[in-house]
Amino acid sequence: MRLAGTVAVITGGAAGIGLAYGRRFLAEGARVVLADVADPVAAALELAPERAYGVRTDVSDMASVRAMVHAAVARFGRIDVLVNNAAVFATLKPQPFDEIPEAEWDRVMAVNVKGTALLLTT
Ligand SMILES: NC(=O)c1ccc[n+]([C@@H]2O[C@H](COP(=O)([O-])OP(=O)(O)OC[C@H]3O[C@@H](n4cnc5c(N)ncnc54)[C@H](O)[C@@H]3O)[C@@H](O)[C@H]2O)c1
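Let me begin by describing the structure that accompanies this report. Just so we're clear, the structure is a prediction, and the values are computed from it rather than from any experiment.

Our next topic: the packing of aromatic side chains. Within this structure, the stated rule accounts for 2 aromatic pairs. Taking 6.2 Å as the distance between ring centres and 80° as the angle between the ring planes, the aromatic pair formed by Tyr-53 and Phe-76 counts as edge-to-face. On the criterion of sequence distance, the pair formed by Tyr-53 in strand β3 (residues 52-56) and Phe-76 in helix α3 (residues 62-76) is long-range, its members being 23 residues apart. By relative accessible area, which is 21% here, Tyr-53 ends up partly exposed. On the numbers, 5.3 Å between centres and 90° between planes, the contact of Phe-97 with Trp-105 is edge-to-face. A cation sits over an aromatic face here: Arg-75 above Tyr-53, 4.7 Å from the ring centre.

Here it is in C-alpha cells:
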C-alpha cells in the first residue's frame, strides 16, 4: 500500500498497458482516474467502483483534457501522479515511412505529441 492517499491519472487507461497500470496503482492503495477516448467508465467500475473513476477523454483536445482534470479534482480532490500512457501505437500498420498517409501523421502527432504536452501543462 505504498500509494495510499494518492490520486493517479492514467491516460489510455481503458485497455492494454494503461489498464494494467490502473490495476497496479489500485493494488498499491491509490485512487485512479482512467482517462481514455474509448469509454473507460465500465473498466473503472469493474476495477473498483469506489477508488477508480473513468472519464472519457481525448488527450489531443485541450477542452477535453481540461474537463477531465476538473472532473478528477471534483471527484477525488487532488491529482498527484500523471501516467501519460495514451498513444496511437499498437494499432498502427507497419508501412514504409514515405507511404504513411498524411491523416495518420496528423493523428499520431496530435495524440502522441500534442496530447502528451497537454496533459503535462493542464
Ligand atoms: N504494446 C507495446 O508493445 C508497446 C511498446 C512500447 C511502448 N508502448 C506504449 O505503451 C502505451 C500503451 O500501449 P498499449 O499497447 O497498451 O496500446 P493500446 O492501443 O492497447 O492502448 C492505448 C490506449 O490509448 C487510448 N487512446 C488512443 N487515443 C487516445 C486519445 N486521443 N485520448 C485518450 N486515449 C486514447 C486507446 O483508446 C487505448 O485504450 C503507449 O504509449 C505505447 O506507445 C507500447
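Read on for the rest.
Let us now look at the pairing of β3. With 5 bridges connecting them, strand β2 (residues 31-36) and β3 associate as parallel partners. Looking at β3, one finds that Asp-36 is bridged to Arg-56.

Right, let's talk about the sheet that holds strand β1 (residues 7-11) for a bit. Taken in spatial order, the 4 strands of this open sheet run β3-β2-β1-β4, and their pairing is parallel. Either end of the sheet is taken by a strand with one partner, and the two such strands are β3 and β4 (81-83). Each neighbouring strand pair of the sheet contributes to a mean axis angle of 20°, computed without reference to strand direction. With 5 bridges connecting them, β1 and β2 associate as parallel partners. When the sheet's bridge partners are listed, Val-7 is paired in β2 with Arg-31. The sheet strands contacting α3 are β1, β2 and β3, and the helix crosses β3 at an angle near 155°.

Basis of the calculations
Residues numbered from 1 in each chain as written. Predicted model: local features only at pLDDT ≥ 70, side-chain atom pairs only at ≥ 80, totals over all residues. Heavy atoms only, no water. Phe/Tyr/Trp six-rings, centres within 6.5 Å; stacked < 30°, edge-to-face > 60°. Helix = DSSP H or I, 4+ residues; strand = E, 2+ residues; numbered from the N terminus. Buried < 20%, exposed > 50% of the residue type's maximum accessible area, 1.4 Å probe, protein only. Lys NZ or Arg CZ within 6 Å of the ring centre and 35° of its normal. Pairing = 2+ DSSP bridges. Axes fitted to C-alpha atoms, helices over the stretch in contact; angles between N-to-C directions. Contact = heavy atoms within 4.5 Å.

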